[in-house]
Amino acid sequence: MQMGLDFTLVEELVAGVDEVGRGPLCGPVVTAAVILDPARPIKGLNDSKKLSEARREALFDEIREKALAWCIARADVHEIDQLNILHATMLAMQRAVEGLSVTPKLALIDGNRCPKLKVPSAPVVQGDAKVPAIAAASILAKVSRDREMQEMEAQYPGYGIGGHKGYPTPVHLEALKRLGPTPIHRRSFGPVRALLENPAGIL
């Protein structure tokens, strides 16, 4: 199904779906689904990781204003630990699509697999660079998650969460060893689990 798609065409009622936050050691995985309006094109859509923060913030507002429908969803830390990160991501994607105010005729999912949906779907590898609706979804998901992580910086100071957004940077790993895991850390992820199993490793 994926091979027959023409990514240069903007089809009405096609939802793009993407996620942000599979790799971090803390915080939720956030997903978004977007149905773009062919009558209201948005310039500059691209993989959110290839855009500056200022450009993502501007597009975040424009996408929500101009899209036919959009929904931001998530799976929290407890769901990630209970289900594993893959299944939690699929659940969050399902929530994003089902939360759309308009039912899409097709959902295009960034990556190589699709969640279980009530509408037809197809995976698109590197879809955020190929399909404008997926790029739009990646922007909504990233800006939303980044903002949440910046808020967590104030609640859990000392970890640098607002900067690294929960990813396993040297700063984050050092803070984990020094301060121990917070309630928003993923217990099922290796570095966090290791500290919980060996509290003596915490300085």
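Since this is a predicted model, take the numbers as computed values, not measurements.

Quick look at the overall build of the protein chain now. The helix and strand tally for the protein chain stands at seven helices and five strands. Along its sequence from the N terminus, the protein chain presents helices and strands in the succession β-β-α-β-α-α-β-β-α-α-α-α. Out of the 203 residues in the protein chain, the part that is buried amounts to 49%. Residue pairs in contact within the protein chain that sit at least 24 positions apart in sequence constitute 62% of those at least 6 positions apart. Of the accessible surface of the protein chain, which amounts to about 9800 Å², a share of 54% is contributed by carbon and sulfur atoms. Once the 25 positive and 24 negative side-chain charges of the protein chain are each reduced to a mean point, those two points are 3 Å apart.

Okay, the sheet that holds strand β3 (residues 69-75) next. If you walk across this open sheet you meet the five strands as β3-β2-β1-β4-β5, and the pairing is mixed. Only two strands of the sheet have a single partner each, and these edge strands are β3 and β5 (121-124). Between one strand axis and the next, the sheet turns by 20° as a mean value, whatever way the strands run. In this structure, strand β4 (residues 106-110) lies alongside β5, joined through four bridges in parallel fashion. In the sheet register, isoleucine 109 faces β5, and the bridge partner there is proline 123.

Right, let's get into the packing of aromatic side chains. Counted by the stated rule, this structure contains zero aromatic pairs. When the ring centre of phenylalanine 60 is taken as reference, the NZ or CZ atom of arginine 147 above it lies at 4.5 Å.

Taking the UniProt record as the reference, the feature "binding site: a divalent metal cation" (unreviewed entry) is found at Asp18, Glu19 and Asp110. These annotated residues cover 93 residues of sequence, but their C-alpha atoms sit close together, with the largest distance between any two at 7.9 Å. In this structure, aspartate 18 sits in strand β1 (residues 14-20). What makes aspartate 18 buried here is its relative accessible area of 2%. Excluding residues within four positions of it along the chain, aspartate 18 makes contact with Val30, Thr31, Ala32, Met93, Asp110, Asp128, Ile134, Ala137, Ser138 and Ala141. For glutamate 19, the position within the fold is in strand β1. Once you skip the residues sitting within four places of it in the chain, glutamate 19 turns out to touch Val29, Val30, Thr31, Thr89 and Met93.

Here the structure, examined in full by the defined rule, presents 11 salt bridges. Residues aspartate 47 and lysine 49 are paired through a salt bridge, measuring 3.2 Å at the closest nitrogen-oxygen approach. Across the salt bridge formed by lysine 66 and glutamate 62, the nearest N and O atoms sit 2.8 Å from each other. In this pair, lysine 66 and glutamate 62 are both assigned in helix α1 (residues 53-66), four residues apart and thus about one turn of the helix distant.

So, how was this worked out
Residues numbered from 1 in each chain as written. Predicted model: local features only at pLDDT ≥ 70, side-chain atom pairs only at ≥ 80, totals over all residues. Heavy atoms only, no water. Helix = DSSP H or I, 4+ residues; strand = E, 2+ residues; numbered from the N terminus. Buried < 20%, exposed > 50% of the residue type's maximum accessible area, 1.4 Å probe, protein only. Contact = heavy atoms within 4.5 Å. Areas by Shrake-Rupley, 256 points an atom, 1.4 Å probe, with all protein chains shown as cover. Lys, Arg positive; Asp, Glu negative; His and termini not counted. Charge placed at Lys NZ, Arg CZ, Asp CG, Glu CD. Pairing = 2+ DSSP bridges. Axes fitted to C-alpha atoms, helices over the stretch in contact; angles between N-to-C directions. Phe/Tyr/Trp six-rings, centres within 6.5 Å; stacked < 30°, edge-to-face > 60°. Lys NZ or Arg CZ within 6 Å of the ring centre and 35° of its normal. UniProt positions renumbered as here; feature names shortened; annotations may be inferred. Salt bridge = Lys/Arg side-chain N within 4 Å of Asp/Glu carboxyl O.

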